[in-house]
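Overview (structure and organization)
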Amino acid sequence: MTVSKAQKAATAKYEAKNYDKILIRLPRGKKAEIEEVIKPKGESLNGFVNDAIDEKLMREKKSGE
């Protein structure tokens, strides 16, 4: 299915308004290691990274109290 230019523009506008984007660089092979763990669960790489960040933030906040 081809996506129209208008749809691409609408998607880009929505993402710019609602999301921050970051680039993560991993050592070679780390992505495959993560995907091996999440694939059987049907989890996305983005979801896994967000969950990991949330867990780390909670630990940091608790240790800072």
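The coordinates are above.
A brief look at the structure comes next. (Residues numbered from 1 in each chain as written. Predicted model: local features only at pLDDT ≥ 70, side-chain atom pairs only at ≥ 80, totals over all residues. Heavy atoms only, no water.)

**Some words on the overall build of the protein chain**
- The helix and strand inventory of the protein chain stands at three helices and zero strands.
- When its helices and strands are written in sequence order, the protein chain yields α-α-α.
- C-alpha atoms of the protein chain, sized along the principal axes, occupy 45 × 30 × 25 Å.
- Approximately 6500 Å² of the protein chain is accessible, and the part contributed by carbon and sulfur atoms is 55%.
- Distance between charge centres in the protein chain, computed from 15 positive and 11 negative side chains, equals 8 Å. (Helix = DSSP H or I, 4+ residues; strand = E, 2+ residues; numbered from the N terminus. Areas by Shrake-Rupley, 256 points an atom, 1.4 Å probe, with all protein chains shown as cover. Lys, Arg positive; Asp, Glu negative; His and termini not counted. Charge placed at Lys NZ, Arg CZ, Asp CG, Glu CD.)

**A closer look at the layout of surface pockets**
- Roughly 460 Å³ of volume is contained in the largest pocket.
- Ranked by residues supplied to the lining of the largest pocket, first place goes to helix α3 (residues 45-63) with five residues.
- Class assignment of the residues belonging to the lining of the largest pocket gives a composition of seven nonpolar, two polar and four charged. (1 Å grid on protein atoms, 1.4 Å probe; cavity = no way out; pocket = protein on both sides within 12 Å on 5 of 7 lines; lining within 4 Å. Points joined across faces, edges and corners; volume = space filled by probe spheres on them. Nonpolar A, V, L, I, M, F, W, Y, C, P; charged D, E, K, R; others polar.)

**What to know about the packing of aromatic side chains**
- The final tally for this structure, using the stated rule, is one aromatic pair.
- With a centroid separation of 6.1 Å and 70° between ring planes, the pair formed by Y14 and Y19 is classed as edge-to-face.
- Residue Y14 is classed as partly exposed on the basis of its relative accessible area of 48%. (Phe/Tyr/Trp six-rings, centres within 6.5 Å; stacked < 30°, edge-to-face > 60°. Buried < 20%, exposed > 50% of the residue type's maximum accessible area, 1.4 Å probe, protein only.)

**Concerning the environment of V49**
- Of note, V49 is situated in helix α3.
- Taking C-alpha positions, V49 is 9.5 Å from I34, a pair spaced 15 residues apart along the chain.

**Here we look at the environment of K31**
- Along the polypeptide, K31 turns up in helix α2 (residues 30-38).
- For K31, a relative accessible area of 45% gives the class partly exposed.
- If near-sequence neighbours (up to four positions away) are discounted, K31 is found in contact with L26 and L45. (Contact = heavy atoms within 4.5 Å.)

**Things to note about a nonpolar patch on the surface**
- Taken together, the side chains of I22, I24, L26, I53 and L57 make up a nonpolar region of the molecular surface, amounting to roughly 470 Å² of accessible area.
- Tracing the backbone shows L26 in the loop between α1 (5-18) and α2.
- For L26, a relative accessible area of 44% translates into the label partly exposed. (Patch = residues over 30% accessible without salt bridge, like charges linked within 9 Å, V, L, I, M, F, W, Y side chains within 5 Å. Salt bridge = Lys/Arg side-chain N within 4 Å of Asp/Glu carboxyl O.)

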